[in-house]
Amino acid sequence: MMNLPEKVSICEVGLRDGLQNEKVIPSTDEKLALLRGFIDAGYKVIEVGSFMHPKKVPQMADTDEIFKRIGEIPEDVELRALIPNTRGVQRAIDCGCKKVKLNVSASRMHNLKNLNRTPEESVAGFADCVKMANENNIAISGSISMPFASPWEGRTPVEDVDAIIEAYLKVGIDEISLSDASGQAVPNQVYDLCKHVREKYPQASWWLHFHNTRGAAMANILAAMQAGMTRFDASFGGLGGCPFVPGAAGNISSEDVINMLDEMGITTGVDVLKVMEMSRKVSDLLGHGLDSYVLRAGRSKDLIASQAE
């Protein structure tokens, strides 16, 4: 028997990671409607957007406006945004965002090429962000891109991942996401790394973020659950993909993950039918189909019910 959790948390990242590569940019009103729809579907954690420079990521230019206009939300719902630096923290303060996330790449070549810093140096530079966030009652987390492998160096040494985790802990960040941005992870590797970090860093809490570039994301989620992980990112319709990674495809589809967990008797608290409805709306807004199996085929239980009629 597999040792699996009874309950899993899903963070919807489609409004940020999913839309950041799209040529058609939904309006602020359309994004707000989607955000409210996802809250209604039962999500407790949603990544709304990012405070990156609008010229670099124009799809996220209205993130500030979304936070200003969202109004009252349930107390148990967390809305977060990705930030690059203290300027991002300031934008969060100004628009009312209460949770921000930093990111660094475990690929030393990738980090040096883009930031001219080692990953550890990048994280050490986050201390000012943490101080600023703490002083303004803003929660802050961190993520590690390519902790499993990168297109430049192949498999990421565990020691490199540990060094970044320890750098995060040193500046006061103990909620950390392991993000397979290049989609190179495989299940046994995921199990081993997840088990390792949970045992070595019990003071930290974890999120897993899988891209389905090579079709292994669902298996990787299952492997992570077997290693004791219970919190995962996913994107409506499987949208997304890092623009800086060769051949990168989208995230694992939210409705596919939720449907699988529902079928396994694992609680997510999210209504998969409502998520499917939202994904169809997104497909219409963007003008193209989405990479979601359950959106195409429907739920197994619906198929069985229709055959019984």
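You'll find the structure just up there.
How each quantity is defined
Residues numbered from 1 in each chain as written. Predicted model: local features only at pLDDT ≥ 70, side-chain atom pairs only at ≥ 80, totals over all residues. Heavy atoms only, no water. Buried < 20%, exposed > 50% of the residue type's maximum accessible area, 1.4 Å probe, protein only. Helix = DSSP H or I, 4+ residues; strand = E, 2+ residues; numbered from the N terminus. Pairing = 2+ DSSP bridges. Right-handed = clockwise from strand over helix to strand, strands pointing away. Core = buried A, V, L, I, M, F, W, Y, C linked by side-chain atoms within 4.5 Å. Contact = heavy atoms within 4.5 Å. Axes fitted to C-alpha atoms, helices over the stretch in contact; angles between N-to-C directions. Phe/Tyr/Trp six-rings, centres within 6.5 Å; stacked < 30°, edge-to-face > 60°. Lys NZ or Arg CZ within 6 Å of the ring centre and 35° of its normal. Parallel < 35°, antiparallel > 145°, perpendicular 65-115°, else oblique. Left-handed = near helix turned anticlockwise from the far one by under 90°. Nonpolar A, V, L, I, M, F, W, Y, C, P; charged D, E, K, R; others polar.

## A short note on the pairing of strand β3 (residues 78–82)
Logical step 1: Taking burial as the measure, the 5 residues of β3 include 4 buried ones, the bulk of the element.
Logical step 2: Of the pairings in the sheet, the one linking strand β2 (residues 45–50) to β3 comprises 5 bridges and is parallel in character. Bridging across to β3, Val45 finds its partner in Glu78.
Logical step 3: Remark: the β2/helix α3 (residues 63–69)/β3 crossover connection has right-handed handedness.
Logical step 4: Examined bridge by bridge, β3 and strand β4 (residues 99–105) share 2 bridges and lie parallel to one another. The partner of Leu82 across the bridge, within β4, is Lys101.

## Observations concerning the nonpolar core
Logical step 1: Core analysis: the largest hydrophobic core is formed by 87 residues, its most contacted members being Tyr168, Phe210 and Phe232.
Logical step 2: Excluding anything up to four places from it in sequence, Phe232 contacts Val8, Ser9, Ile10, Cys11, Trp207, Leu208, Phe210, Ile221, Ala224 and Met225.

## Describing the sheet that holds strand β8 (residues 175–180)
Logical step 1: The 8 strands lie next to each other as β1-β2-β3-β4-β5-β8-β9-β10, forming a closed barrel whose pairing is parallel. When strand polarity is set aside, the average angle formed by the axes of neighbouring strands in this sheet is 30°.

## Let's talk about the packing of aromatic side chains
Logical step 1: Across all of its chains, the model carries 5 aromatic pairs by this definition.
Logical step 2: One aromatic cluster is present, built from ring pairs that chain together Phe38, Tyr43 and Phe236.
Logical step 3: Of note, Arg80 hangs over the ring of Trp207, and the distance from its end group to the ring centre comes to 5.5 Å.
Logical step 4: Positioned above the aromatic ring of Tyr293, the side-chain terminus of Arg296 is 4.9 Å from the ring centre.

## Details of the packing of helix α11 (residues 254–263) against helix α12 (residues 272–286)
Logical step 1: At a minimum axis distance of 9 Å, the contact between α11 and α12 shows a crossing angle of 165°. Our classification of the angle between α11 and α12 gives roughly antiparallel. Between α11 and α12 the crossing geometry is left-handed. Only Val272, Val275, Met276 and Ser279 of α12 make contact with α11, whose side of the interface consists of Ser254, Glu255, Ile258, Asn259 and Asp262.
Logical step 2: Taken together, the residues that form the contact of α11 with α12 break down as 4 nonpolar, 3 polar and 2 charged.

## With respect to unusual backbone geometry
Logical step 1: Its identity as a non-glycine residue notwithstanding, Asn137 has a phi of 60°, on the positive side.
Logical step 2: Located in the positive-phi region is Met146, a residue other than glycine, with phi close to 55°.
Logical step 3: Judged by relative accessible area, which is 1%, Met146 ranks as buried.

## A look at the environment of Cys129
Logical step 1: Summarising the element assignment, Cys129 is placed in helix α7 (residues 127–135).
Logical step 2: In sequence terms Cys129 and Arg91 are 38 residues apart; their C-alpha atoms lie 12 Å from each other.
Logical step 3: Residue contacts for Cys129: discarding those within four places in its chain leaves Asn85, Thr86, Val89, Leu102 and Ile140.

## A few points about helix α10 (residues 217–226)
Logical step 1: Ala217, Asn220, Ile221, Ala223, Ala224 and Met225 are the residues of α10 that are buried.
Logical step 2: Elements that come into contact with the buried residues of α10 comprise β8, α9 (187–200), β9 (205–210), β10 (231–234) and α11.
Logical step 3: Positive backbone phi, approximately 100°, marks Gly228, located one or two places after α10.

## A short note on the side chain of Gln189
Logical step 1: By the secondary structure assignment, Gln189 is in helix α9.
Logical step 2: In contact with Gln189, not counting residues within four places along its chain, are Phe148, Ala149, Arg155 and Gln184.

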